Amino acid sequence: MAPPMQSEIWTYFKPDDDRNKAQCIICNKTYSRKGRTTSSLKNHLKSMHPEQFSLFESSNNERQMQKMKADAHKILTPLQEAKKQLSIEEAVQKEKKWDTTNSNSKKIDKLIGEMIALQNLPFNFVEGLGFRRLIQELSPRYNLRGRNFFTDFVSTELYGKVTNKVKELIEKFDYMAFTSDIWSDPSSNASLLSLTCHGIAENFDRSLIILKWETFDDRHLGDIIAEKFDTMLTEWNISKEQVHCIIRDEGSNTKRAMRLAVLNDLDCAVHKMQLAIRSGLQSQETITIVKQKCKKISTHFNHSTIAQKQLQKIQDRLNQPHLRVFQDCVTRWNSTFYMFDRFLKVKDTLSLYINDSEIDPILPEDWKIIECCVELLKPFEEATRELSNSHTLISSVIPIIKMLGKKLDDYLTRPQDSDPIRVAVTTLKTEVSAKFSLLEENNLYVIATYLDPRYKHKFFTPVTEKNIKDDILKIRTNIENDVSNSQISPNFKAAKKMKIGDSLVKDTEQPGTSGTARKPCLKSDLPMIMAIFHDIIEPIKRN
């Protein structure tokens with residue numbers, strides 16, 4: 001069988017019958033074809049007949065180009081595609097990294113920058129070995145940048161684009177409410193002032209946007225804080241007339257800042273509540289002693305993995321779940337309640353562990369104090385979670401404070417012999433009454449509560465109710481004057497009325513974040529408390 005004549009080299013050679021040799025047509029010399037390849041024939045043509053070799057190369061290249069064009073129009077199966085052999089040029093091109101201006105490279109840069117921003121990752125994350133290996137495997141041709149590039153990318157380009165979109169969203173708000181707080185980290189010597197915007201657009205979509213974390217390099221004086229607020233509001237093109245109110249803590253410096261900035265502000269109800277709880281617990285020495293004893297035990301377990309394993313072994317013997325003890329932290333809300341509540345749940349386990357250790361035991365009278373504190377603080381813990389929920393309305397503040405006051409009054413009606421924390425309860429009652437004494441004099445609270453269909457007038461006396469109605473009528477008159485002086489489409493007015501009507505019909509559940517495992521004592525007491533206030537106020541109205 002004659003060898004295939006596919007190569008252009010056979011234009012210059014004649015194959016022998018045994019296919020192991022070939023004779024040059026130009027010089028009639030015979031050459032061996034060991035392995036039946038054409039390499040020796042090409043070498044002969046190149047060395048002995050250079051002109052013919054040039055013609056051979058040109059003809060061969062032209063033939064390969066035609067074949068590549070023909071193959072380009074063929075549809076290959078996945079198996080054929082895998083078997084296809086790359087040319088040297090194609091192999092080099094495949095291994096070549098993308099240029100920084102490549103569209104695929106820019107797309108990956110953008111996605112990595114967004115990942116850093118969304119996940120709050122450090123910029124040196126992109127220089128980690130694990131991340132680089134992942135990118136190399138997923139996209140070998142992508143040239144991964146360093147932290148300096150992504151720092152500049154996120155801080156300028158990405159931040160600029162997000163800023164423009166946020167400003168477009170803010171322009172849809174006629175009025176906005178804000179929450180603000182000052183956060184300090186002594187370990188890093190960092191101090192930040194936050195500003196979070198809350199707004200409702202014309203389509204009644206509610207938005208929450210963290211606008212700024214402003215660094216503090218000076219003392220937290222009211223003048224400096226006021227200047228920071230002015231700077232942040234100006235940066236986002238927000239006028240003071242658009243600021244409905246700012247929720248802040250009870251610090252004297254922030255109060256002074258709001259006065260200097262001429263901004264309507266409110267105390268954070270939860271912060272005031274926690275300050276009252278702290279004062280109440282600190283007023284009784286026996287509670288302080290028990291707290292210190294529990295904190296010492298918590299520290300013992302938190303600093304020793306051996307102690308934790310021994311505690312788990314005891315829990316296994318008692319067929320109890322593995323529960324760790326919590327530690328009280330002065331900066332964490334309700335942490336005293338969580339510590340005492342957990343100690344009660346692992347009471348049997350702790351008692352067995354303490355008997356075999358050198359830790360100061362928790363005496364029966366100490367356990368009694370812990371039980372009373374848990375019972376006292378449980379409504380405050382639920383109130384904290386209710387008011388800290390992002391969906392909670394300001395209208396819930398007055399009802400919740402009223403219910404907490406009723407709980408404290410009920411607690412104080414108990415016999416003194418069975419109450420080891422009466423001093424703390426009395427102090428807590430005094431602190432709550434003092435801190436929230438002016439609550440019903442603030443229109444932002446009373447009008448919101450009065451307009452909430454869940455509460456209406458149930459927590460107000462007739463005099464207070466009359467004043468609220470007068471204030472609402474004044475607000476309505478001002479709004480009607482503003483509407484008559486501005487151009488508002490009838491469709492928007494109709495949509496607004498429809499939305500309000502829908503909200504009154506659908507709003508049958510109380511907002512909150514109480515877990516299913518916790519008994520919602522405040523929620524279950526709400527109908528009872530409202531009935532009590534109704535019975536108190538109705539006779540006054542009739543008279």
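Residues numbered from 1 in each chain as written. Predicted model: local features only at pLDDT ≥ 70, side-chain atom pairs only at ≥ 80, totals over all residues. Heavy atoms only, no water.

Per an unreviewed UniProt entry, the protein carries the name BED-type domain-containing protein and comes from Zophobas morio. The annotation that UniProt attaches to the protein under Subcellular location (unreviewed entry) is "Nucleus". (UniProt positions renumbered as here; feature names shortened; annotations may be inferred.)

> Looking at this structure, I do not really get the overall build of the protein. What am I missing?
Helices and strands together make up the secondary structure of the protein, namely 21 helices and eight strands. Expressed as a percentage of the 543 residues in the protein, the buried residues total 35%. A total accessible area of about 33900 Å² is found for the protein, and carbon and sulfur atoms account for 53% of it. (Helix = DSSP H or I, 4+ residues; strand = E, 2+ residues; numbered from the N terminus. Buried < 20%, exposed > 50% of the residue type's maximum accessible area, 1.4 Å probe, protein only. Areas by Shrake-Rupley, 256 points an atom, 1.4 Å probe, with all protein chains shown as cover.)

> For this particular structure, what's the right way to read the nonpolar core?
Side chains of nonpolar character tend, in soluble globular proteins, to be buried together. Grouped together as the largest cluster of nonpolar side chains are 63 residues, with contacts concentrated most on Phe343 and Ile421. Considering every element that reaches this core, the biggest residue donor is helix 15 (residues 364–388), with 11 residues. The contact partners of Ile421, leaving out residues within four places of it in the chain, are Gln284, Ile287, Ile369, Cys372, Cys373, Leu376 and Tyr411. The next biggest cluster of nonpolar side chains, apart from the first, holds 27 residues, and it includes Ile182, Cys197, Phe229 and Leu263. (Core = buried A, V, L, I, M, F, W, Y, C linked by side-chain atoms within 4.5 Å. Contact = heavy atoms within 4.5 Å.)

> Help me understand the sheet that holds strand 7 (residues 243–248) in this model?
Within a sheet, adjacent strands bond to each other through the backbone by hydrogen bonds, running parallel or antiparallel. Taken together, five strands build an open sheet; the order of strands is 6-5-4-7-8 and the sheet is mixed. Single-partner strands in this sheet number two, and they are strand 6 (206–215) and strand 8 (265–267). Ignoring strand direction, the axes of neighbouring strands in this sheet form an average angle of 25°. Bridge count between strand 4 (residues 176–185) and strand 7: four bridges; the pairing is parallel. Paired with Ala177 across the strands is Cys245, a residue of strand 7. Strands in contact with helix 9 (residues 252–261) are strand 4, strand 7 and strand 8; relative to strand 7, the strand with the most contacts, it is inclined by about 165°. (Pairing = 2+ DSSP bridges. Axes fitted to C-alpha atoms, helices over the stretch in contact; angles between N-to-C directions.)

> Help me understand the environment of Pro122 in this model?
You can see Pro122 is positioned in the loop between helix 5 (103–118) and helix 6 (129–138). We classify Pro122 as partly exposed; its relative accessible area is 47%. Put simply, Pro122 and Thr151 are 29 residues apart on the chain and 9.4 Å apart in space, counted from C-alpha to C-alpha.

> Please clarify how the packing of helix 5 against helix 7 (residues 147–170) should be interpreted in this entry.
Geometry of a packed helix pair, given as the angle between the helix axes and the separation of the axes. Running from N to C, helix 5 and helix 7 point in directions that differ by 80°, and their axes come no closer than 10 Å. Compared by their axis directions, helix 5 and helix 7 come out roughly perpendicular. For the pair helix 5 and helix 7, the contacting residues are Asp109, Lys110, Ile112, Gly113, Glu114, Ile116 and Ala117 in the first and Phe149, Phe150, Phe153, Val154 and Leu158 in the second. Among the residues making up the contact of helix 5 with helix 7, the classes are represented as eight nonpolar, one polar and three charged. (Parallel < 35°, antiparallel > 145°, perpendicular 65-115°, else oblique. Nonpolar A, V, L, I, M, F, W, Y, C, P; charged D, E, K, R; others polar.)

> Can you help me understand the confidence of the model for the protein in this one?
In this model, the protein carries an average pLDDT of 81, and 82% of its residues clear a pLDDT of 70 or more. At the low end of the mean pLDDT range in the protein sits helix 20 (residues 490–506), at 41; at the high end sits helix 13 (residues 335–345), at 95. Within the model, the stretch residues 488–520 combines pLDDT values under 50 with 38 contacts to residues more than four positions away or in other chains. (pLDDT = per-residue confidence, 0-100.)

> I would appreciate a short explanation of helix 9 in the present structure.
Within an α-helix, residues lying three or four positions from one another point in the same direction, as the helix has 3.6 residues per turn. Within helix 9, burial applies to Thr254, Ala257, Met258 and Ala261. Along helix 9, the residues classed as buried sweep out an arc of 100° about the axis, all on the same side. Exposed residues pointing more than 90 degrees away from the buried face of helix 9 are listed as Ser252 and Arg259. Where helix 9 ends, the next residue or the one after it, Val262, has phi of about 55°, a positive value. (Arc of directions from axis to C-beta.)

> It is not clear to me how unusual backbone geometry should be interpreted in this structure. Could you clarify?
Most of the time, phi is negative for any residue but glycine, and the peptide bond is trans. One non-glycine residue, Val262, lies in positive phi territory at about 55°. Unlike most non-glycine residues, Asn334 shows phi in positive territory, near 65°. With respect to the helices and strands, Asn334 occurs in the loop between helix 12 (305–317) and helix 13.

> Would you explain the packing of aromatic side chains in this entry?
Aromatic ring pairs: the centre-centre distance and the angle between the two ring planes describe each pair. Considering all chains together, one arrives at seven aromatic pairs under this definition. When the ring of Phe149 is compared with that of Phe150, the centres are 5.1 Å apart and the planes differ by 80°; the resulting orientation is edge-to-face. Seen from their ring centres, Phe149 and Phe153 are 5.9 Å apart, and the 20° between their planes marks the pair as stacked. Of this pair, Phe149 and Phe153 are both found in helix 7, four residues apart, which corresponds to roughly one turn of the helix. Exposure remark for Phe149: the relative accessible area of 25% places this residue in the partly exposed category. (Phe/Tyr/Trp six-rings, centres within 6.5 Å; stacked < 30°, edge-to-face > 60°.)

> Explain helix 8 (residues 222–235) to me, please; I cannot follow it from the model alone.
Between its terminal C-alpha atoms helix 8 stretches 20 Å, which fits the 20 Å expected from 14 residues at 1.5 Å a residue. Residues of helix 8 that are buried include every one of Gly222, Ile224, Ile225, Ala226, Lys228, Phe229, Met232 and Leu233, and no others. In this fold, the buried residues of helix 8 make contact with strand 4, strand 5 (190–200), strand 6, strand 7 and helix 9. The first or second residue beyond helix 8 is Asn237, which carries a positive phi of 60°. (Expected span 1.5 Å × (residues − 1).)

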